[in-house]
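# Summary of structural features
Take a look at the letters that make up each chain.
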Amino acid sequence: MREQYRSEDFTEKDLAADPMDQFARWFRQVAGGGALHEPNAMVVSTATPEGRPSSRTVLLKHYDDRGFVFFTHYGSRKGRELTANHYVSLLFPWHPLARQVIVTGTAVRVGREETVGYFRTRPHGSQLGAWASEQSTVIGSREELVRRYEELAARYPEGEKVPAPPQWGGFRVVPDTIEFWQGRENRLHDRLRYVREGEDWTVERLCP
């Protein structure tokens, strides 16, 4: 299986001065084009203090000049690993456009006010699901999970305020590097990477 990428030029002159502005530019193109289902899906890679990695797909919920935000159960595998080892990598695999964005950085918990504010925007069922699932822990059966959910649905019927779980919240990934990858012909891809240097960013081109 092999595909020849025939994309437009992507050179240093095309880049925004700030990597988050460049990300916003590409994200608008991807989200607005209709070529991708859930363009905010990203692969989050974490590691234990001993260096054993793990990856999973998570939905990006917010980004700004401070970084990239997602939400999870703090007791999940990724939550535990980020608590013990705050280094993290994100990958946005926008394959239909022959594009990727690769982020490396550190994860910090968002404030409780920000977590609760986002939790209020979730559908009622998703709010109950955050309580029902002790994410990443072993459970005996699907029926047990559904039973937990139904008990919560009886306690908090539709329209009633569901409190945000104390063990659930957000992480903000503060980037150290952000690479923009554009597939090109003959595997001569364009890879332009922003690297943080204090308060500034430098740009370097990587061999494909």
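Further up the page is the structure itself.
First things first, this report covers the structure right here in the doc.

Criteria and cut-off values
- Residues numbered from 1 in each chain as written.
- Predicted model: local features only at pLDDT ≥ 70, side-chain atom pairs only at ≥ 80, totals over all residues.
- Heavy atoms only, no water.
- Phe/Tyr/Trp six-rings, centres within 6.5 Å; stacked < 30°, edge-to-face > 60°.
- Helix = DSSP H or I, 4+ residues; strand = E, 2+ residues; numbered from the N terminus.
- Buried < 20%, exposed > 50% of the residue type's maximum accessible area, 1.4 Å probe, protein only.
- Polar contact = N/O pair within 3.5 Å; in protein donor to acceptor, adjacent residues only side chain to side chain.
- Contact = heavy atoms within 4.5 Å.
- Expected span 1.5 Å × (residues − 1).
- Salt bridge = Lys/Arg side-chain N within 4 Å of Asp/Glu carboxyl O.
- Pairing = 2+ DSSP bridges.

Within the structure shown, the criterion is met by 18 aromatic pairs. Between Phe27 and Tyr63, the aromatic rings sit 5.6 Å apart at their centres with planes inclined by 70°, giving edge-to-face as the arrangement. With Phe27 in helix 1 (residues 19–33) and Tyr63 in strand 3 (residues 62–64), this pair connects stretches of sequence that are 36 residues apart. On the accessibility criterion, Phe27 (14% relative accessible area) is buried. With relative accessibility at 24%, the residue Tyr63 sits in the partly exposed group. Seen from their ring centres, Tyr118 and Trp168 are 6.1 Å apart, and the 10° between their planes marks the pair as stacked. Here Trp168 lies in strand 7 (residues 168–182) and Tyr118 lies in helix 3 (residues 112–119), a separation of 50 residues in the sequence. Exposure class is identical for Tyr118 and Trp168. Each is buried.

Positionally, Arg99 belongs in strand 6 (residues 99–109). Only 2.8 Å separates the side chain of Arg99 from the side chain of Gln182, close enough to count as a polar contact. Discounting chain neighbours no more than four positions away, the residues touching Arg99 are Trp26, Gln29, Phe92, Pro93, Trp94, Trp181 and Gln182.

The terminal C-alpha atoms of helix 1 lie 21 Å apart, and with 15 residues this matches the ideal 21 Å at 1.5 Å per residue to within 8%. Those residues of helix 1 that fall on the buried side of the exposure criterion are Pro19, Met20, Gln22, Phe23, Ala24, Trp26, Phe27 and Val30. Capping the start of helix 1 is the job of one residue whose side-chain oxygen sits 2.9 Å from the backbone nitrogen of Met20: Asp18. Downstream of helix 1 by one or two residues, Gly34 has phi in the positive range, about 75°.

Under the defined criterion, the tally for this structure stands at 11 salt bridges. For Lys13, the salt bridge is made with Asp14, and the minimal N-O distance between the two is 3.5 Å. Residue class for Asp14 comes out partly exposed when judged on its relative accessible area of 27%. It is possible to trace a salt-bridge network through shared partners that takes in Asp9, Glu12, Arg184, Asp190 and Arg205.

Our focus in this paragraph is the pairing of strand 7. With respect to burial, strand 7 is a largely interior element, 13 of its 15 residues being buried. Relative to strand 7, strand 4 (residues 67–73) runs antiparallel, the two sharing 6 bridges. Bridge pairing in strand 7 places Phe71 opposite Gly170. In this structure, strand 7 lies alongside strand 8 (residues 190–197), joined through 6 bridges in antiparallel fashion. Bridge pairing in strand 8 places Gln182 opposite Asp190.

Among the residues making up helix 4 (residues 124–132), those that are buried are His124, Gln127, Leu128, Ala130 and Ala132. Against helix 3, helix 5 (142–155) and strand 7 lie the buried residues of helix 4.

Within the fold, Val101 resides in strand 6. Residue classification places Val101 among the buried positions, given a relative accessible area of 0%. Sequence separation between Val101 and Glu143 is 42 residues; the distance between their C-alpha atoms is 39 Å. Excluding residues that lie within four positions of it along the chain, Val101 makes contacts with Phe23, Trp26, Leu90, Leu91, Phe92, Trp94, Ile178, Glu179 and Phe180.

This next bit is on the pairing of strand 2 (residues 53–59). Because side chains alternate across strand 2, one face comprises the buried residues Ser54, Arg56 and Val58, and the other comprises Pro53, Ser55, Thr57 and Leu59, none of which is buried. Judged from the 7 bridges that link them, strand 1 (residues 41–47) and strand 2 form a sheet pairing that is antiparallel. Opposite Thr46, over in strand 2, you have Ser54 as the bridge partner. As consecutive antiparallel partners, strand 1 and strand 2 are separated by 5 residues, and within that stretch Gly51 has a phi angle of approximately 95°, a positive value.

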